[in-house]
Amino acid sequence: MTRGLGIFLLVAALPAAEIAGTDLLAPSLSTGLRQVAPAGASVDLAGTMPARRGLASGEVACALLFLRPEEAAPTAPGGMELVPFPFARAAAAIAVHRSNPIEQISLGSLAGVFARETTNPIGNWNELPIPGRTDLITAALHSPEGSFVRELFRGVVLESKAFREGVRLETPAMQVKETLASVSGALVVLPWVAVEDAKLLQVVDGRPGRSSTPYSPTGMNIYNGDYPLSLPLVLYLRKDKATAYAPLVRWVFSDEVAARLQSSGLTPTPPAVRGRLLQRLDTR
């Protein structure tokens, strides 16, 4: 009896390996994560910051996190190694009317168009290096639930400052399509995966010390981080939990989850890259 009670107390004292992460993923992934989680592991997608703290304290074994610009990778206590699995990115595309001759735009110019407080306000197309345009810029943003586009754009381009009054921030999908088809001066920020029949601009970072090369929003440019209007979603797994969590990681990298992420306005890691990344599960 005493021996049995001792074993029970020992088991009860062991913390359950937990899964945490950004609340952005909660609607699409919470139920599935619970189904593939190791027995006894809890799932709490309450936010990136609580998940980072859980990793740092050792209470969390697996975390699905957004990495913001210049943000360091998370850490775990006692020298525990965290294995990264980048499984998606939030990416914003810049679309214009097909008749617009513009081919690229910098983050600084985007700030001039969209920011309330900026040293270089831009309201007309002739204030950009585009010959022959004299019309006003019609600026709009389409950020459907789960896409993170508004937060991404505000953080990267506006440096967390407010949007300019007059920018259409709550633009529904059908209105975006109509605007890009009929308004020659339209400049619309939207999820890359939501783009259908519009002209997409190359984007130049252009900030001091950053690349001056324009990048198109292609799948590989987004995945590699070359396209500046994107942020990575990374699954961090404690290396000592790799065997127990392998089914969960494989599910997160599945075509099923990729489809869910894409329907939420996120850009899944390309299939060929997913296969290579899963080889990290076999690293001992």
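Computed from a predicted structure; not experimentally measured.

## Notes on the packing of aromatic side chains
On inspection of all chains with the given rule, the structure shows four aromatic pairs. Relative to Phe 253, the ring of Phe 85 lies with its centre 6.1 Å away and its plane at 80 degrees, an arrangement referred to as edge-to-face. Of this pair, Phe 85 sits in strand β4 (residues 82-96) while Phe 253 sits in the loop between α8 (242-252) and α9 (255-263); the two residues are 168 residues apart in sequence, bridging distant segments of the chain. Across the pair, Phe 253 and Phe 85 agree in class, each one buried. Here the aromatic residues Phe 114, Phe 153 and Phe 163 are joined through ring pairs into a cluster of three or more.

## Thoughts on the side chain of Arg 238
As for its position among the elements, Arg 238 is in strand β10 (residues 230-238). Taking the relative accessible area as the measure of exposure, Arg 238 reaches 8% and is therefore buried. For Arg 238, the residues in contact, after removing those within four places along its chain, are Gly 58, Val 60, Ala 61, Met 80, Glu 81 and Leu 82.

## Some thoughts on the pairing of β4
For β4, the buried fraction is high: 14 of the 15 residues fall into the buried class. Two strands pair when backbone bridges link them, and β4 and β10 are joined in this way by nine bridges, in the antiparallel orientation. Bridge pairing links Val 83 to Leu 237 in β10. Bridging between β4 and strand β11 (residues 267-268) involves two bridges; their strand directions are antiparallel. Among the inter-strand pairings, Arg 89 is bridged to a residue of β11, identified as Thr 267. The pairing of β4 with strand β7 (residues 186-191) spans five bridges and is antiparallel. Note that in β7 the partner of Ile 94 across the bridge is Val 189. Across two bridges, the pairing between β4 and strand β8 (residues 199-200) is antiparallel.

## Digging into the nonpolar core
In terms of nonpolar packing, the biggest core is built from 73 residues, with Ile 94, Phe 114, Phe 153, Leu 187 and Leu 229 touching the most fellow members. The biggest single contributor to this core is β4, with nine residues. Of all hydrophobic cores here, the second largest spans 11 residues; its members include Ala 51, Leu 55, Val 60 and Ala 76.

## Digging into α9
Within α9, the full set of buried residues consists of Val 257, Ala 258 and Leu 261. The buried residues of α9 all sit within an arc of 105 degrees when viewed along its axis, so they share a single face. Structural note: α9 exposes Asp 255 and Ser 263 on the side pointing more than 90 degrees away from its buried face. In this structure, the buried residues of α9 make contact with α2 (26-36), β4, α8, β11 and α10 (271-278). Where α9 terminates, the next one or two residues include Gly 265, which has phi positive at roughly 90 degrees.

Quick notes on the rules
- Residues numbered from 1 in each chain as written.
- Predicted model: local features only at pLDDT ≥ 70, side-chain atom pairs only at ≥ 80, totals over all residues.
- Heavy atoms only, no water.
- Phe/Tyr/Trp six-rings, centres within 6.5 Å; stacked < 30°, edge-to-face > 60°.
- Helix = DSSP H or I, 4+ residues; strand = E, 2+ residues; numbered from the N terminus.
- Buried < 20%, exposed > 50% of the residue type's maximum accessible area, 1.4 Å probe, protein only.
- Contact = heavy atoms within 4.5 Å.
- Pairing = 2+ DSSP bridges.
- Core = buried A, V, L, I, M, F, W, Y, C linked by side-chain atoms within 4.5 Å.
- Arc of directions from axis to C-beta.

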